[in-house]
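Each chain, letter by letter, is given below.
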Amino acid sequence: MIPLCEPKIQGNEWKYVKDCLDSGWVSSVGEYVDKFEGSLASYTGSQYAVACVNGTSALHIALLIAGVGQGDEVLLPALTFIAPANAIRYTGAWPVFIDVSFDIWQMDPQKIKDFLTKECTWRQGKLVNNKTGRIVRAILPVHILGHPVDMDPILELAGKFGLEVIGDATESLGASYKGRKIGSLSGISALSFNGNKIITTGGGGMIITDNKEWAARARYLTTQAKDDSLEYIHNEIGYNYRLSNIQAALGLAQMENIDSYIASKRNIAAHYREKLQNIPGISPMPFAVWAKPIFWLYTILIDAAKFGISSRDLLAKLRKDGIQSRPFWHPLCGLKPFKQAYAYQIEVTDRLYRDGLSLPCSVGLKNEEQDKVIETISRLKGE
Ligand SMILES: Cc1ncc(COP(=O)(O)O)c(C=O)c1O
């Protein structure tokens, strides 16, 4: 099977992990945690980084720090992995699902604007969703598939409506927006390093911010809100969310190779684009002129009427030929835990869910493997 997206372990991973095992520094404190945090802060151009057990926990803490709580609402794209929606629910808040735009498949700033101006009212200094009566507190843009969200209009709207912006930079570490690295664009951002991300720690995450107090609070909340470590005084409910030194050791070694990983992803994307763009019924992955995407997960759209078979039929046929592919995430607003959440004008998300298919794009994908994917898709047209 040619896998969809698997990690590459090729550098100092064994050496650094062995170092932890030899030294006994295996838990949530150690030099690799500090170095890994430092490396993420400098790479994203942020002041502070706080390592967490995974991306979902990083999002949870980022939301708490941004002041999101019980009964609030947070604007979230309907087309994303479920983790940020779950993290919103952990705080007691609800997502408001916003559509993505068709041109770049990312959260649509125009629809955010329409929702805020047409569907919300100021009541006693608070912005309230007319339909649910809940207070709108924040926007959570998710930079999906390795491409940045168009952040300037979103930051402007957030400023105008007094909303916090929490970025989910998980799928776009290394991408940049108008010359600025993803992760440094919002007040606070979260990252994940699970197995299929651009770098992995097995499981892991990170909170990044320029705000010194927020970074200190993130450190405090992720270490059980410990006020006195000798007497075990805890003045708040905290979380056991810190990353281990062993995982950070893996992450540091991975960060040493991130530039070559991104170069591979970009080469894979360019080759798919060149070979697939002329096949009727296939749209290659789009990108904006202002973006430097990393193409973390290379995805195409299949127009069943022109290509001859649907995205799901193509998926099944590729699997028979030993090629793994994957549809987009199910639109979150249609999932059982989120049926009560408000969804605003979801149209493009449904279309992308129907037609999208992600193709093999591991950093270590061999040329002959990619050619096999391309040839198989060309052969299957109309079958
Ligand atoms: C956009 C996005 N956010 C958050 C996560 C969650 O990260 P984790 O699995 O590390 O909790 C993922 C993927 O796993 C993701 O794709």
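Just so it is clear, the structure is predicted and the values come from calculations on it, not from any experiment. (Residues numbered from 1 in each chain as written. Predicted model: local features only at pLDDT ≥ 70, side-chain atom pairs only at ≥ 80, totals over all residues.)

1. Things to note about the overall build of the protein
Line of reasoning, step 1. Tallying secondary structure elements over the protein gives 13 helices and 18 strands in all.
Line of reasoning, step 2. A globule of 383 residues ought to have a C-alpha radius of gyration of about 21 Å, and the protein, at 21 Å, matches this closely.
Line of reasoning, step 3. Taking all 383 residues of the protein together, 50% fall into the buried category.
Line of reasoning, step 4. Residue pairs in contact within the protein that sit at least 24 positions apart in sequence constitute 70% of those at least 6 positions apart. (Helix = DSSP H or I, 4+ residues; strand = E, 2+ residues; numbered from the N terminus. Rg over C-alpha atoms; globule rule 2.2 N^0.38 Å. Buried ≥ 20, exposed ≤ 12 C-beta atoms within 10 Å, placed from the backbone. Contact = placed C-beta atoms within 7 Å.)

2. Concerning the site of the ligand
Line of reasoning, step 1. Close to the ligand lie 15 residues; Asn-54, Gly-55, Thr-56, Ala-83 and Ser-192 are nearest.
Line of reasoning, step 2. Where the shell around the ligand is concerned, the elements lending two or more residues are α3 (55-65) and α4 (83-90).
Line of reasoning, step 3. A breakdown of the residues in the shell around the ligand according to their chemical character gives 4 nonpolar, 9 polar and 2 charged. (Near = placed C-beta within 6 Å. Nonpolar A, V, L, I, M, F, W, Y, C, P; charged D, E, K, R; others polar.)

3. Considering unusual backbone geometry
Line of reasoning, step 1. One non-glycine residue, Gln-224, adopts positive backbone phi at about 65°.
Line of reasoning, step 2. Within the secondary structure, Gln-224 is located in the loop between α7 (212-222) and β12 (226-228).
Line of reasoning, step 3. Given 17 C-beta atoms within a 10 Å radius, Gln-224 is considered partly exposed.
Line of reasoning, step 4. One non-glycine residue, Phe-295, lies in the positive phi region at around 50°.
Line of reasoning, step 5. As for its placement among the helices and strands, Phe-295 is situated in the loop between β15 (291-292) and β16 (299-302).

4. Here's the deal with the environment of Ile-154
Line of reasoning, step 1. By the element assignment, Ile-154 lies in helix α6 (residues 151-161).
Line of reasoning, step 2. In this structure, Ile-154 is in contact with Pro-109, Ile-112, Ile-139, Pro-141, Val-149 and Val-165, ignoring residues within four places of it in sequence.

5. Some remarks on the domain arrangement of the protein
Line of reasoning, step 1. Each assigned domain of the protein is listed with its residue range as follows: domain 1 (13-255) and domain 2 (258-380).
Line of reasoning, step 2. For domain 1 and domain 2, the distance between their C-alpha centroids amounts to 25 Å.
Line of reasoning, step 3. With 39 residues of domain 1 in contact, the opposing surface of domain 2 contributes 32 residues.
Line of reasoning, step 4. Of all the secondary structure elements, the ones that give two or more residues to the side of domain 1 that touches domain 2 are β3 (94-98), α5 (109-118), β8 (176-177) and α8 (245-255).
Line of reasoning, step 5. Here the residues of the side of domain 1 that touches domain 2 are counted per class, giving 22 nonpolar, 10 polar and 7 charged. (Domains from an automatic or database assignment.)

6. Considerations on the environment of His-271
Line of reasoning, step 1. Along the chain, His-271 turns up in helix α9 (residues 258-276).
Line of reasoning, step 2. Along the backbone, His-271 and Ala-175 are 96 residues apart, and their C-alpha atoms lie at a distance of 19 Å.

7. A look at the sheet that holds strand β9 (residues 180-181)
Line of reasoning, step 1. Strands sit in the order β9-β8-β15 across an open sheet of 3 strands; the sheet is antiparallel. In the strand order of this sheet, the two ends are held by β9 and β15, each with one partner. (Pairing = 2+ DSSP bridges.)

8. Remarks on the packing of α5 against α6
Two quantities define a packed helix pair, namely the angle between the helix axes and the distance between the axes.
Line of reasoning, step 1. One can describe the packing of α5 onto α6 by two numbers: an axis separation of 9 Å at closest approach and a directional angle of 15°. With respect to α6, the element α5 is oriented roughly parallel. The element α5 and its partner α6 pack so that their crossing is left-handed. Here Pro-109, Ile-112, Lys-113 and Leu-116 of α5 come into contact with α6, specifically with Pro-153, Ile-154, Leu-157 and Phe-161. (Axes fitted to C-alpha atoms, helices over the stretch in contact; angles between N-to-C directions. Parallel < 35°, antiparallel > 145°, perpendicular 65-115°, else oblique. Left-handed = near helix turned anticlockwise from the far one by under 90°.)

9. Here we look at the sheet that holds β3
Line of reasoning, step 1. Strand order in this open sheet of 8 strands is β1-β11-β10-β7-β6-β2-β3-β17, and the pairing throughout is mixed. Only two strands of the sheet have a single neighbouring strand rather than two, namely β1 (48-52) and β17 (342-344). Across the sheet, the mean angle from the axis of one strand to that of its neighbour is 25°, orientation sign disregarded.
Line of reasoning, step 2. Bridge analysis of strand β6 (residues 136-139) against strand β7 (residues 164-168) gives 2 bridges, and the strand direction is parallel. Bridged to Ile-139 within β7 is Val-165.
Line of reasoning, step 3. Of the strands in this sheet, β2 (73-77), β3, β6 and β17 touch α5, which is tilted by about 120° from β3.

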